[in-house]
Amino acid sequence: MESFDPAELPELLKLYYRRLFPYAQYYRWLNYGGVVKNYFQNREFSFTLKDDIYIRYQSFNSQSDLEKEMQKMNPYKIDIGAVYSHRPSQHNAVKLGAFQAQEKELVFDIDMTDYDDVRRCCSSADICSKCWTLMTMAIHIIDRALKEDFGFKHRLWVYSGRRGVHCWVCDESVRKLSSGVRSGIVEYLSLVKGGQDVKKKVHLSEKIHPFVRRSINIIKKYFEEYALVDQDILENKESWDKILALLPGTIHEELQPYFQKSHNSLQRWEHLKRITSTSQNIKNDKCGPWLEWEIMLQYCFPRLDINVSKGINHLLKSPFSVHPKTGRISVPIDLQKVDQFDPFTVPTISSICCELDVISTNENKKEENEAEADIKHRTRDLQKDF
């Protein structure tokens, strides 16, 4: 893992914004070809400066203005907001009620801390390779639905820089969606419901929606290695009691002897599947695979921050910005290589600035060597003349 010293951040950011930030590509994305007049100019940016000074309603006339302000302000964090009816930087001069958010990409925020009740390896802001599989599954499940169920074409997935992923859906028609429609989409994509006090957060009926079935098929590819080996969710009585709490009480006694005799989570899961599918102790004949599917979904299904997605004026961390706690760059994730993505190999601002120094040093040496060779060549030419 790359080392990063937060004390060095101000100087590193100066170099990053001056020589490395991809301004041209960034402007081209947010300007969308300049088809709509003032689209970029009416876009809100927010900057978080050193000592957590937060500045909202920033807006810029051009790529050049954005560059100058970023290099001047040296923001620790950049967030992107909506396209407004007026320039955000002039919002105080607009008549009350006239300043309105009109468009924005449909965005999704998936944060590892929302899985703390089901992951056993880490908690809070910590992540590791064992729990990162949750993000891998989330990208596969949500992206498939956005593409196939909704027909959205332009989807950008980005690593947050610390413990999660963001998705930006950029289709023109999507950017115009109302808050109500956005709420409907995120509701469609949400299955895990209930706060910390709710034990059972997934409830399926016997009629399984195609979206749920396809999501389960994706989870099945990862479940054994992720949940039963890496997370070991049935390792001991304390862990398997959490699983039993999600099942009808009538089969708890039936499962306990098998769980006690078994040696690992893999064996216990096989007993659970068999008994939930065949037990005569389940009331209302509700035995079937959906009981095991409810567990799989509760432990593996994506957990979306609904408020981030439904609010048009909600801000989200910008791609290519630097995470001030880890120093990692918020890089795009290649959808063809989701399974290979490793957050611990993402470049830090320290590493890329160091590489830039090496390149600059090598270029200087090359220039010095070329100059020295040129002097020697001229000297030889002069010697020939004498």
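Right above here is the structure, for reference.
What counts as what
- Residues numbered from 1 in each chain as written.
- Predicted model: local features only at pLDDT ≥ 70, side-chain atom pairs only at ≥ 80, totals over all residues.
- Heavy atoms only, no water.
- Salt bridge = Lys/Arg side-chain N within 4 Å of Asp/Glu carboxyl O.
- Helix = DSSP H or I, 4+ residues; strand = E, 2+ residues; numbered from the N terminus.
- Buried < 20%, exposed > 50% of the residue type's maximum accessible area, 1.4 Å probe, protein only.
- Phe/Tyr/Trp six-rings, centres within 6.5 Å; stacked < 30°, edge-to-face > 60°.
- Lys NZ or Arg CZ within 6 Å of the ring centre and 35° of its normal.
- Pairing = 2+ DSSP bridges.

(A) Main features of the pattern of salt bridges. Summed over all chains, the structure comprises 18 salt bridges. For Glu44, the salt bridge identified is with Arg56, shortest N-O distance 2.8 Å. One end of the pair, Glu44, is in strand β1 (residues 43–49); the other, Arg56, is in strand β2 (residues 53–58), and 12 residues separate them in sequence. By relative accessible area, Arg56 is classed as partly exposed at 30%. Within the structure, one salt-bridge network assembled from shared partners comprises Arg144, Glu148, Asp149 and Arg214.

(B) The arrangement of the packing of aromatic side chains in detail. Taken as a whole and judged by the stated rule, the model has 25 aromatic pairs. Look at Phe150 and Tyr188: their rings are 5.1 Å apart centre to centre, the planes differ by 80 degrees, and that puts the pair in the edge-to-face class. With a gap of 38 residues between them, Phe150 in the loop between α4 (129–149) and β6 (155–159) and Tyr188 in helix α6 (residues 179–188) connect regions that are remote in the sequence. The class of Tyr188 is partly exposed, set by a relative accessible area of 28%. Here the aromatic cluster, defined as three or more aromatic residues joined through ring pairs, consists of Tyr16, Tyr17, Phe21, Tyr23, Tyr26, Tyr27, Trp29, Phe40, Phe45, Phe47, Phe60 and Trp168. The ring of Tyr57 carries Arg56 above its face, with NZ or CZ at 4.6 Å from the centroid. Over the face of the ring belonging to Tyr32 we find Arg175, whose NZ or CZ atom lies 3.6 Å from the ring centre.

(C) Quick look at the pairing of strand β3 (residues 77–84). Burial within β3 is extensive, with 7 of its 8 residues counted as buried. In this structure, β3 lies alongside strand β8 (residues 316–317), joined through 2 bridges in antiparallel fashion. Looking across to β8, one finds that Asp79 is bridged to Lys317. In this structure, β3 lies alongside strand β4 (residues 101–103), joined through 2 bridges in antiparallel fashion. Its bridge partner lying in β4, Tyr84 is registered against Ala101.

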